[in-house]
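# Secondary and tertiary structure notes
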Amino acid sequence: MTVRVILVSPAMSPALRAARFDDDMPDEAALREVRSVAASLPASAGFRRVYTAPERRCRATADALGVHSVPAPELRDPDVGGWRGRTLEEVATADPAGVAAWLGDPDAVPHGGESVRALLTRTGNWLASQAEEGGRVLVVAGPAVIRAAVVQALDLPAAVFWRLDVPPLSRTDLTGRAGRWNWRCGGPLSR
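### Here we look at the overall build of the protein
- The secondary structure content of the protein amounts to seven helices and six strands.
- Dimensions along the principal axes, computed over C-alpha positions, put the protein at roughly 50 × 40 × 25 Å.
- The 191 residues of the protein split such that 48% are buried.
- Of the contacts made within the protein by residues no fewer than 6 positions apart, 68% connect residues no fewer than 24 positions apart.
- Accessible surface, the protein as shown: approximately 9,100 Å² in total, 52% of it carbon and sulfur.
- Averaging the locations of the 23 positively and 22 negatively charged side chains of the protein gives two centres separated by 7 Å.

See below:
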């Protein structure tokens, strides 16, 4: 059975712009951009399942795309524990060793939250469940979850996670069949 998973990253938000560990809403200009590119997605009727991560920016992006989605807690952003609400710059200044460990060791949890490896496992398990069901799936999820899906689908080393860039409003396609996944490199949703 073949499954095609289209992963869409959410619109730009003030938190993303500031590299802040937070979940805020995209501003109205970003949501207008989402609405302008909504037609570039295949009609939602063609999808067997449509999911969104529980974060507000993901739900708002799905709404602006005009798709009815089901929240999937498994697609949530990684738990950054005590770093939540702070910018990466603030954290790097206060805890440079912790940031270095987090970026260099997929098992590190200097913030007291979830490790990159735990995120990879959680995302990989969700992806495997979709492969079992087959069909076309649309997902709106944060960049970390999309990076994790690519790492897991292609059976890449965990260290590759930080080397993948997922810009706002980009699309990443994964097609799976018989335990094997193919990746179509992400590109922007276009008008």
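There's more to say after this.
### Some remarks on the layout of surface pockets
- In this structure, the largest pocket spans a volume of roughly 840 Å³.
- Secondary structure elements with two or more residues in the lining of the largest pocket: α1 (14–18), α5 (96–104), α6 (116–133) and α7 (143–153).
- At three residues, the largest contribution of residues to the lining of the largest pocket is made by α7.
- For the lining of the largest pocket, a count of residues per class yields 20 nonpolar, two polar and eleven charged.

### Regarding the packing of helix α2 (residues 28–37) against helix α3 (residues 56–65)
- Here α2 crosses α3 at 45°, and the two axes come no closer than 8 Å. Here α2 lies oblique to α3, going by the angle between them. α3 is crossed by α2, and the crossing has right-handed handedness. Contact residues: Leu31, Val34 and Arg35 in α2; Ala60, Thr61, Ala64 and Leu65 in α3.
- Taken together, the residues of the contact of α2 with α3 sort by class into five nonpolar, one polar and one charged.

### What to know about the pattern of salt bridges
- Inspection of every chain in the model, using the stated rule, returns eleven salt bridges.
- Across the pair Glu133 and Arg49 runs a salt bridge, and its minimum N-O distance is 3.6 Å. Placement of Glu133 in helix α6 and of Arg49 in strand β2 (residues 49–52) is noted, with a sequence separation of 84 residues between them.
- Accessibility expressed as a relative area gives 11% for Arg49, which makes it buried.
- Across the pair Arg57 and Asp77 runs a salt bridge, and its minimum N-O distance is 2.5 Å.

### Side note on the packing of aromatic side chains
- Taken as a whole and judged by the stated rule, the model has six aromatic pairs.
- Consider the rings of Tyr51 and Trp126, whose centres lie 5.6 Å apart with planes at 85°: the pair is edge-to-face. With Tyr51 in strand β2 and Trp126 in helix α6, the pair connects residues that are 75 residues apart, well separated along the chain.
- Centre to centre, the rings of Phe161 and Trp162 are 4.8 Å apart; their planes meet at 85°, and the pair counts as edge-to-face.
- For Trp162, a relative accessible area of 30% translates into the label partly exposed.
- Connected via pairs of aromatic rings, a cluster forms that spans Phe21, Trp83, Trp102, Phe161 and Trp162.
- Taking the ring centre of Phe47 as reference, the NZ or CZ of Arg136 above it sits at 4.9 Å.

### Focus on the pairing of strand β4 (residues 135–140)
- The buried fraction of β4 amounts to five of the six residues, a majority that puts the element mostly inside the structure.
- Where strand β1 (residues 2–8) lies against β4, six bridges are found, and the strand directions are parallel. Residue pairing across strands places Ile6 opposite Leu138, the latter belonging to β4.
- Here β2 runs beside β4; their pairing, made up of four bridges, is parallel. For Tyr51, the partnering residue across the bridge sits in β4 and is Val139.

### Quick notes on the pairing of strand β5 (residues 170–177)
- By the criterion of burial, β5 is predominantly enclosed, with six of the eight residues buried.
- As defined by bridge partners, β1 adjoins β5 across seven bridges and the pair is classed as antiparallel. Within β5, the position partnered with Val5 by the bridge is Leu174.

About the criteria used
Residues numbered from 1 in each chain as written. Predicted model: local features only at pLDDT ≥ 70, side-chain atom pairs only at ≥ 80, totals over all residues. Heavy atoms only, no water. Helix = DSSP H or I, 4+ residues; strand = E, 2+ residues; numbered from the N terminus. Buried < 20%, exposed > 50% of the residue type's maximum accessible area, 1.4 Å probe, protein only. Contact = heavy atoms within 4.5 Å. Areas by Shrake-Rupley, 256 points an atom, 1.4 Å probe, with all protein chains shown as cover. Lys, Arg positive; Asp, Glu negative; His and termini not counted. Charge placed at Lys NZ, Arg CZ, Asp CG, Glu CD. 1 Å grid on protein atoms, 1.4 Å probe; cavity = no way out; pocket = protein on both sides within 12 Å on 5 of 7 lines; lining within 4 Å. Points joined across faces, edges and corners; volume = space filled by probe spheres on them. Nonpolar A, V, L, I, M, F, W, Y, C, P; charged D, E, K, R; others polar. Axes fitted to C-alpha atoms, helices over the stretch in contact; angles between N-to-C directions. Parallel < 35°, antiparallel > 145°, perpendicular 65-115°, else oblique. Left-handed = near helix turned anticlockwise from the far one by under 90°. Salt bridge = Lys/Arg side-chain N within 4 Å of Asp/Glu carboxyl O. Phe/Tyr/Trp six-rings, centres within 6.5 Å; stacked < 30°, edge-to-face > 60°. Lys NZ or Arg CZ within 6 Å of the ring centre and 35° of its normal. Pairing = 2+ DSSP bridges.

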